[in-house]
Amino acid sequence: FLRQRIPGQEQMRASHILVSFKGAAAAPASVTRTKQEAAARVAALKKQIDGGASFDSVARSSSDGPSAALSGILGSINRGTMPPSFDDVAFKLAAGKISAPVETQFGYHIIRADTAPAMQPETVTYDELTITGIDAPKQAPAIVTRLKTGQVRSTEAAVRLRTLFFSY
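Computed from a predicted model, the values in this text were never measured in an experiment.

K.L.:
Quick rundown of helix H2 (residues 55-62)? Include the residues and the values.
P.N.:
If you check which residues of H2 are buried, you get Phe55, Val58, Ala59 and Ser62. All buried residues of H2 fall inside an arc of 100 degrees around its axis, so they share one side. Sitting at the head of H2, serine 54 places a side-chain oxygen 3.3 Å from the backbone nitrogen of aspartate 56.

This is how it looks when you write it as structure tokens:
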């Protein structure tokens, strides 16, 4: 019986610098800059980084986001959890690369890919796996092959696998 199925997702580790503006979603009350001032500020910060300034130190001193205290580190993100314009840029970056400024409803971001995007495998947990039906003899070898080639991984302490042979 299927207990749980978690679809495979594209995932990466990322950091960012957020420059917010008055009226942006979740902008702190202390942020009074206009959208145009925020665009100019994020461009200046990007220029500093391109000139050799440390991304981490610029994030700590200049980001408006809560991740500023962590040098901008967001940690692991799945595609679809961030705003679409953020995802569109972040998931195209190679590890260590830094994006041009990206606008979202929260303000302007400079994104650093801390790891390259990678597809995480689907996770399926079964209490018992029973293959039935007229095509069971055809399904069983394909499932066993997926298990043997690592396309299906187990994270349980013990796994019992029994190969069934069918004859007519």
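K.L.:
Break down the packing of aromatic side chains for me, with residues and values.
P.N.:
Here the structure, examined in full by the defined rule, presents one aromatic pair. With a centroid separation of 6.1 Å and 50 degrees between ring planes, the pair formed by phenylalanine 21 and tyrosine 108 is classed as tilted. You can see phenylalanine 21 sitting in the loop between strand S2 (10-19) and helix H1 (35-50) and its partner tyrosine 108 sitting in strand S5 (residues 107-113), a full 87 residues away along the chain. In terms of burial, phenylalanine 21 and tyrosine 108 fall into one category: buried.

K.L.:
Now, about the layout of surface pockets: what can you tell me, with residues and values included?
P.N.:
Picture a little ball the size of a water molecule; that probe, rolled over the atoms, points out where space is still empty. Considered as a void within the structure, the second largest pocket measures approximately 220 Å³ in volume. Lining the second largest pocket we find 16 residues, and of these His16, Leu18, Pro66, Phe106 and His109 sit closest to its centre. Partitioned by chemical class, the residues of the lining of the second largest pocket number 10 nonpolar, five polar and one charged.

K.L.:
Could you give an account of the pattern of salt bridges, naming the residues involved and the relevant values?
P.N.:
Applying the stated criterion across every chain, the model contains six salt bridges. Ionic pairing is found between glutamate 10 and arginine 79, a salt bridge with its closest N-O pair at 2.7 Å. You can see glutamate 10 sitting in strand S2 and its partner arginine 79 sitting in the loop between strand S3 (73-78) and helix H3 (84-90), a full 69 residues away along the chain. The class for glutamate 10 is partly exposed, based on a relative accessible area of 24%. When its relative accessible area of 37% is taken as the criterion, arginine 79 is described as partly exposed. In this structure, the salt-bridge partner of glutamate 103 is lysine 35, at a minimum N-O distance of 2.7 Å. A residue pair is termed long-range when its members are at least 10 positions apart, and glutamate 103 in strand S4 (residues 102-104) and lysine 35 in helix H1 qualify at 68 residues. When salt bridges that share partners are traced, they join Asp56, Arg112 and Asp114 into one network.

Cut-offs and rules
- Residues numbered from 1 in each chain as written.
- Predicted model: local features only at pLDDT ≥ 70, side-chain atom pairs only at ≥ 80, totals over all residues.
- Heavy atoms only, no water.
- Buried < 20%, exposed > 50% of the residue type's maximum accessible area, 1.4 Å probe, protein only.
- Helix = DSSP H or I, 4+ residues; strand = E, 2+ residues; numbered from the N terminus.
- Arc of directions from axis to C-beta.
- Polar contact = N/O pair within 3.5 Å; in protein donor to acceptor, adjacent residues only side chain to side chain.
- Phe/Tyr/Trp six-rings, centres within 6.5 Å; stacked < 30°, edge-to-face > 60°.
- 1 Å grid on protein atoms, 1.4 Å probe; cavity = no way out; pocket = protein on both sides within 12 Å on 5 of 7 lines; lining within 4 Å.
- Points joined across faces, edges and corners; volume = space filled by probe spheres on them.
- Nonpolar A, V, L, I, M, F, W, Y, C, P; charged D, E, K, R; others polar.
- Salt bridge = Lys/Arg side-chain N within 4 Å of Asp/Glu carboxyl O.

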